[in-house]
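Observations on the model geometry
In case you want the letters, here they are:
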Amino acid sequence: MPSPHFSCQERGACSSRPRLFIEVKIEVVIPEKERSKEEMSPNGKASPLVYKVNGTARHYHLEEHPIASNPYHNPKDVVEASVCHVKDLENGQMREVDLGCGKALLIKENGEFYAMGHKCPHYGAPLVKGVLSKGRVRCPWHGACFNISTGDIEDFPGLDSLPRFQVKIEKEKVYIRASKQALQTQRRTKMMAKCISLSNYNLSSTNVLIVGAGAAGLVCAETLRQEGFSDRIVMCTMDRHLPYDRPKLSKSMDSHPEQIALRPKEFFCTYDIEVLTEMQVAAVDIKNKIAVFKDGFKMEYNKLLIATGNTPKALSCKGKEVENVFNIRTPEDANRVVKLATSKNVVIVGASFLGMEVAAYLTERAHSVSVVELEEVPFKKFFGERVGRAVMKMFENNRVKFYMQTEVSELREQEGKLKEVVLKSGKVLRADVCVVGIGAVPATGFLKQSGINIDSKGFIIVNKMMQTNIPGVFAAGDAVTFPLALRNNKKVNVPHWQMAHMHGRIAALNMLAHGMEISTVPYLWTAMFGKSIRYAGHGEGFDDVVIQGDLDELKFVAFYTKSDEVVAVASMNYDPIVSKVAEVLAAGRTIRKRDVETGDMSWLTGKGS
């Protein structure tokens, strides 16, 4: 049976038969540098192009679109206001200013004024509370970075850039001229090109095939379009939905798919990014550049991105097949757990990020929430014992019961549904719902015979340009190990949302032969009981933790050190310290252990090591 297939012409199910298309003329903006990349285009030279429309060849030429000198096409949509005196801001300062119909972020750096959107497009964080450094602003919540001259997003998470507004100085006063619509939306989708008509393409071949439709896959597709790439892009996913905000599955469990969609269906139509849903790649023939799907369908590709993410580990105990035991992989999983857990007994197996976030979310809905964990303290390996105990205490104060240093030996059922969870310690827990969060393994089993290099744990090995050992094959996201500049190019796996975005961008740029290497600082967050822990760096193998603030009050910053060097930082209620540290690390500066032990923060401004 054919799998669902979505694209902007509503092409229907997969088929090897040629399709009939209506006649469409599409204007395309492509940089000159892209036109020379004949390797990426099955049409050869970019102009003229031959489109096969309804079986008839027709010729169209690309048309350049000059950048308009006046970005405000509708005078009624424009507002101009005096926002301050030129002396009100010092260099390196930011101010949120009101233009009457919306706010903007005013910035002064190196004697110049800049104005752009004041909210991070990701989750709406106030950027005035972020960090300004060397021509960009870093979000205080999740670390996204925006260029102050252009508003372009330079580090992630999030997909959109910020609107940029005109600034002028008259009689010592600073004026901002802005679009009312931009002030209201506070976001700008950065796009340069639309796709050439796909009518002349064979259904079973594509220029770029992206396996996986998470953050890495979507950012790769969007970056290709942003860079002017105008050939066919196909994304395929085992999921039934278009790309969505996966971290929300455990943080906001009752969200419906359309509420957490990263882009609306119309977006994929507009930019001709085809998405094949419920399609699983079973094998890759690298010699002939063919992906073989589970249902037997085959697709040729020129460039391939593998961004399949990971697969949750399942319990291996007796009774693992009973009903109402879940790995949270889809919105339907999360929604079902919330429904079943209401006023019932919930057992979470694994004090992982997913497990703890689910436990926190369900406490106000469930009758009881219990967490079973093999370690003695949650997050011990990641945040250290002291921070882990502080988090554990916060959960206990919210009625979560912990069963530590034990694991599940049996799941018991009644009429086929979960009734009890039996622990190896002998304890029996009442359970109507069980959520398993005991880790994951890379979803790379289909590559074992492909010739693509995979390490002993199943991770795809890539270089700094996200390239595998096979020319034209790239990999990104949770399924890869890559050289982390922050840790002297040590090969690491960083299975986090922000890093997946950056992987996708780097892969796309190098598909276009830009020679771009990854150098971003890992940044992540977790949210529980309305509080967030933010984290930047890579603390694997840390040997000490230096803590400032008050763990009991949950207002602290923890610096993770290895020998004499700070390798990571975590904080709660201490913004924007993590973003500040991320900027220091991104600049290539070393933070010494002695710098943070003394409490002297001069190193944050470049006066330290």
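Residues numbered from 1 in each chain as written. Predicted model: local features only at pLDDT ≥ 70, side-chain atom pairs only at ≥ 80, totals over all residues. Heavy atoms only, no water.

What follows covers the overall build of the chain. Across its full length, the chain holds 12 helices and 39 strands. Counting over 609 residues, the chain shows a buried share of 55%. In the chain, once contacts between residues fewer than 6 apart in sequence are set aside, the share between residues at least 24 apart is 62%. Accessible area of the chain: about 26900 Å², with a carbon and sulfur share of 46%. (Helix = DSSP H or I, 4+ residues; strand = E, 2+ residues; numbered from the N terminus. Buried < 20%, exposed > 50% of the residue type's maximum accessible area, 1.4 Å probe, protein only. Contact = heavy atoms within 4.5 Å. Areas by Shrake-Rupley, 256 points an atom, 1.4 Å probe, with all protein chains shown as cover.)

Our focus in this paragraph is unusual backbone geometry. Put simply, Phe156 and Pro157 share a cis peptide bond, and its omega is 20°. Along the chain, Pro157 falls in the loop between strand E11 (153-155) and strand E12 (164-170). The omega torsion across Asp575 and Pro576 is 0°, close enough to zero to call that bond cis. Positionally, Pro576 belongs in the loop between strand E39 (565-572) and helix H11 (577-586). The backbone of Asp272 shows a phi angle near 50°, a positive value even though the residue is not glycine.

Take the pairing of strand E17 (residues 281-285) next. Where E17 lies against strand E18 (residues 290-293), 4 bridges are found, and the strand directions are antiparallel. Across the sheet, Val284 pairs through a bridge with Ala291, a residue of E18. Turn length for the E17-E18 hairpin, with the two strands adjacent in sequence and antiparallel, is 4 residues, and the turn residue Lys289 shows positive phi of about 55°. (Pairing = 2+ DSSP bridges.)

Compared with the 21 Å implied by 1.5 Å per residue over 15 residues, the 22 Å span of helix H10 (residues 497-511) between its first and last C-alpha is a close match. A large share of H10 lies buried, amounting to 15 of its 15 residues. Just downstream of H10, Ala513 is the residue with a positive phi angle, here 65°. (Expected span 1.5 Å × (residues − 1).)

What follows deals with the pattern of salt bridges. Evaluation of the coordinates by the stated rule reveals 26 salt bridges. For Arg246, the salt bridge goes to Asp239, with nearest N and O atoms at 3.7 Å. We classify Arg246 as partly exposed; its relative accessible area is 31%. Through salt bridges with shared partners, a single ionic network connects Glu80, Lys168, Glu170 and Arg177. (Salt bridge = Lys/Arg side-chain N within 4 Å of Asp/Glu carboxyl O.)

With respect to topology, 4 strands assemble into an open sheet ordered E8-E9-E10-E11, the strand pairing being antiparallel. Looking at which strands have only one partner, the edges of the open sheet turn out to be strand E8 (131-133) and E11. Direction aside, neighbouring strands of the sheet carry axes that sit 30° apart on average. With 3 bridges connecting them, E8 and strand E9 (residues 136-138) associate as antiparallel partners. In the sheet register, Leu132 faces E9, and the bridge partner there is Val137. Here H11 sits on the sheet and contacts E8, E9 and strand E10 (145-147); the angle it forms with E9, its principal contact strand, is near 135°. (Axes fitted to C-alpha atoms, helices over the stretch in contact; angles between N-to-C directions.)

Turning to the packing of aromatic side chains, a few remarks are in order. This model, assessed by the stated rule, comprises 15 aromatic pairs. An angle of 90° between the planes, with centres 5.8 Å apart, marks the rings of Phe353 and Phe383 as edge-to-face. Here Phe353 is found in helix H7 (residues 353-362), whereas its partner Phe383 is found in helix H8 (residues 380-383), with 30 residues between them in sequence. Phe383 gets classed as buried once you look at its relative accessible area, which sits at 0%. Aromatic rings pair up to connect Phe353, Phe379, Phe382, Phe383, Tyr535, Phe542 and Tyr560 into one cluster. Here Lys168 stacks its cationic end above the ring of Tyr175, 5.8 Å away from the centre of that ring. A cation sits over an aromatic face here: Lys401 above Tyr403, 5.9 Å from the ring centre. (Phe/Tyr/Trp six-rings, centres within 6.5 Å; stacked < 30°, edge-to-face > 60°. Lys NZ or Arg CZ within 6 Å of the ring centre and 35° of its normal.)

Turning next to the side chain of Gln186. Turning to its location among the elements, Gln186 is positioned in the loop between helix H2 (180-185) and strand E14 (208-211). A polar contact of 2.6 Å, which involves the side chain of Gln186, links it to the backbone nitrogen of His118. Polar side-chain contacts of Gln186 include one of 3.3 Å to the backbone nitrogen of Lys119. Excluding anything up to four places from it in sequence, Gln186 contacts Lys103, Gly117, His118, Lys119, Pro121, Leu162 and Pro163. (Polar contact = N/O pair within 3.5 Å; in protein donor to acceptor, adjacent residues only side chain to side chain.)

Buried residues dominate H11, accounting for 8 of its 10 residues. Looking at H11, one finds that the buried residues are Ile577, Val578, Ser579, Val581, Ala582, Glu583, Val584 and Leu585. Note on H11: the residue one or two positions beyond its end, Gly588, has a positive phi of about 85°.

Turning our eyes to something else, we now look at the sheet that holds strand E34 (residues 490-492). Judged by pairing direction, the sheet is mixed, and its 3 strands sit side by side in the order E31-E33-E34 without closing on themselves. Only two strands of the sheet have a single partner each, and these edge strands are strand E31 (460-461) and E34. For E31 and strand E33 (residues 480-484), the ladder comprises 2 bridges, and the chain directions are parallel. In the sheet register, Ile461 faces E33, and the bridge partner there is Thr481.

Once that is clear, we can look at the environment of Ala334. Relative to the assigned elements, Ala334 resides in helix H6 (residues 331-341). Apart from the residues within four sequence positions on either side, Ala334 is in contact with Leu249, Met253 and Ile328.

The values are spatial; any link to function lies outside them.
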